[in-house]
Amino acid sequence: MDYDVIIIGAGPGGIYAAYELVKNRPALRVAIFEAGKRLDERRCPIDGVKVKSCINCKSCSIMSGFGGAGAFSDGKYNITNDFGGSLYEYIGKDQALELMRFVDGINLAHGGEGTRLYSTANTALKKTCMQNKLKLLDAQVRHLGTDINHIVLERLFDELKNSADFFFLSPVEHVTPIGSSESSKYVATTESGKPINSGFRIQTADGTFTCKRCIVSVGRSGSAWMERACRELGIPTQSNRVDLGVRVELPAALFAHLTDELYESKIVYRTEKFEDHVRTFCMNPHGIVVNENTNGIITVNGHSYEDPARQTENTNFALLVSKHFTEPFSDSNGYGESIARLSNMLGGGVILQRFGDLIRGRRSTVDRIQNGFVTPTLKAEPGDLSLVLPKRILDGIIEMIYALDKIAPGTANDNTLLYGVEVKFYNMQVELAKNLETRHAGLYVIGDGSGVTHSLSHASASGVFVARDILSRL
Ligand SMILES: Cc1cc2nc3c(=O)[nH]c(=O)nc-3n(C[C@H](O)[C@H](O)[C@H](O)COP(=O)(O)OP(=O)(O)OC[C@H]3O[C@@H](n4cnc5c(N)ncnc54)[C@H](O)[C@@H]3O)c2cc1C
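Predicted model, so just to flag it, every value in this text is computed and none were measured.

### Structural notes on the overall build of the protein chain
Turning to step 1, where the next piece is worked out: When you go through the protein chain residue by residue, the secondary structure sums to 12 helices and 22 strands.
Turning to step 2, where the next piece is worked out: Against the globule reference of 23 Å for 474 residues, the protein chain gives a C-alpha radius of gyration of 22 Å, in line with a compact fold.
Turning to step 3, where the next piece is worked out: Split into buried and exposed, the 474 residues of the protein chain put 59% on the buried side.
Turning to step 4, where the next piece is worked out: Of the contacts formed within the protein chain by residues at least 6 apart in sequence, a portion of 76% connects residues at least 24 apart.
Turning to step 5, where the next piece is worked out: Approximately 19,700 Å² of the protein chain is accessible, and the part contributed by carbon and sulfur atoms is 50%.
Turning to step 6, where the next piece is worked out: Here the protein chain contributes 52 positively and 54 negatively charged side chains, and the mean placements of these two sets differ by 2 Å.

### Things to note about the pattern of salt bridges
Where charged atoms from two side chains of opposite charge come close, those side chains can pair.
Turning to step 1, where the next piece is worked out: Inspection of the entire model under this criterion finds 27 salt bridges.
Turning to step 2, where the next piece is worked out: The partner of Lys-133 in a salt bridge is Glu-272, with the nearest N and O atoms 2.7 Å apart. Of the two residues, Lys-133 is situated in the loop between helix H4 (125-131) and strand E5 (134-136) and Glu-272 in the loop between strand E13 (267-270) and strand E14 (277-284); the sequence distance between them amounts to 139 residues.
Turning to step 3, where the next piece is worked out: Glu-272 gets classed as exposed once you look at its relative accessible area, which sits at 53%.
Turning to step 4, where the next piece is worked out: Arg-473 is paired through a salt bridge with Glu-437; the nearest N and O atoms lie 3.4 Å apart. One end of the pair, Arg-473, is in helix H12 (residues 456-473); the other, Glu-437, is in the loop between strand E21 (429-430) and strand E22 (443-445), with 36 residues separating them in the sequence.
Turning to step 5, where the next piece is worked out: The network of salt bridges with shared partners includes Asp-4, Arg-29 and Lys-212.

### Describing empty space enclosed by the protein
Turning to step 1, where the next piece is worked out: Tallied over the full model, the rule gives one cavity of 30 Å³ or more.
Turning to step 2, where the next piece is worked out: By volume, the largest cavity is sized at about 50 Å³.
Turning to step 3, where the next piece is worked out: Counting residues per element, the ones that place at least two in the lining of the largest cavity are helix H6 (223-233) and E22.
Turning to step 4, where the next piece is worked out: A total of five residues in the lining of the largest cavity trace back to one element, the largest contributor, which is H6.
Turning to step 5, where the next piece is worked out: Taken together, the residues that form the lining of the largest cavity break down as 10 nonpolar, no polar and no charged.

Cut-off values and rules
Residues numbered from 1 in each chain as written. Predicted model: local features only at pLDDT ≥ 70, side-chain atom pairs only at ≥ 80, totals over all residues. Heavy atoms only, no water. Helix = DSSP H or I, 4+ residues; strand = E, 2+ residues; numbered from the N terminus. Rg over C-alpha atoms; globule rule 2.2 N^0.38 Å. Buried < 20%, exposed > 50% of the residue type's maximum accessible area, 1.4 Å probe, protein only. Contact = heavy atoms within 4.5 Å. Areas by Shrake-Rupley, 256 points an atom, 1.4 Å probe, with all protein chains shown as cover. Lys, Arg positive; Asp, Glu negative; His and termini not counted. Charge placed at Lys NZ, Arg CZ, Asp CG, Glu CD. Salt bridge = Lys/Arg side-chain N within 4 Å of Asp/Glu carboxyl O. 1 Å grid on protein atoms, 1.4 Å probe; cavity = no way out; pocket = protein on both sides within 12 Å on 5 of 7 lines; lining within 4 Å. Points joined across faces, edges and corners; volume = space filled by probe spheres on them. Nonpolar A, V, L, I, M, F, W, Y, C, P; charged D, E, K, R; others polar.

As structure tokens, this is what we get:
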């Protein structure tokens, strides 16, 4: 065997798995294959001057490379089982929280010391939310900020590069169990029904490598590959949900009482009209709104920085509605993509609308945005979101904005900006045992690519968990 363990994907899931493996067993031969670039080579060409919009690079520096999708993120590590994934369903609530705290400790030891840990425990805001038909979810939030998050990743890479082999710009093409035929028809199985194999063959454009154990951590950008790999390996999958909505941007002062105390408040509202759940997501106090490119479709997201010099006067957050589909339709991501495509078709990218224009049933224009009191932090095409978002989703978002106005007066002001669409795609759910192992003994799937997690903290915790499972069996 070339390696004891091969990890596919150097996002948080892969990084923390590698870290736990090599820290505990320095002699272990570990390799990490990553489709994207090294952290110091990751650069999105959009500069707002020469390159104004996405040019569909072969490897998207925002989503791929060392650090994964989280590299330029706000670095909010939420320590909670209430959101961010369902890891606790596999490994139990206590262990999931313990691992998230463990990851927090690693982050602090690699540059995160001094960053603040926010908490919803004992906050009076919970009662205020309840009194206004809103629910504040429980969490502790470590906010690294985009800049410190980058430093933590740099330091982790500096340490890991001496103990593990990194292969960048090396997307894995196929994973094949050694000892099985090259198809999903297994040669023999163990008593528990797992195919017997003596390792895995990892095929890339530059060659084939072998390993005893393989951890797949390909994240959201690897979803199409993951689907194909599961088909090739005979691993069952299930469709997941899609979250659709808008990103709200308003003066930071309006949300300061929430963000100063909690930084990120996850608030859920149940709509009166359809009894749908609408929730706040990814809150960025004094942050900026950014474009996100998923398979060539431009959607919206947000960042914020710890460094006061890079902070703005606005706060942004998403309002999302989850859509689950039942028979006969199962392509929830396809549904989300179609709606995002529609916004791209009408606006050439993300559409921007003032809340006041949306309520009056008219599009926003450059003049109306310029005359408003909130200066957008993202250059987006003024337009009409009611032509893009389905009525049920839009009605839910409008209801929630009025509900938030009761706990943060001013949220429903005419000048509040809405960017659309924000889509949160989820990978399909890969069939996994409680230890995150597939039906092939020694082949694990972790992080967002598994459909089990959808956050930095849960993805990282799943990496540590699987590394420990492997170490206990080697
Ligand atoms: C702009 C943005 C902001 C975010 N902010 C936050 C936040 O503040 N807090 C939070 O909790 N979450 C946030 N998230 C989500 C968070 O980044 C992800 O949940 C997390 O990165 C998932 O980690 P992962 O390791 O599972 O996958 P990823 O981080 O997606 O990493 C997967 C890696 O695998 C590589 N890969 C894919 N296919 C292959 C292949 N075939 N061969 C080799 N390599 C492959 C990819 O290039 C990628 O680098 C944000 C996401 C974005 C895009």
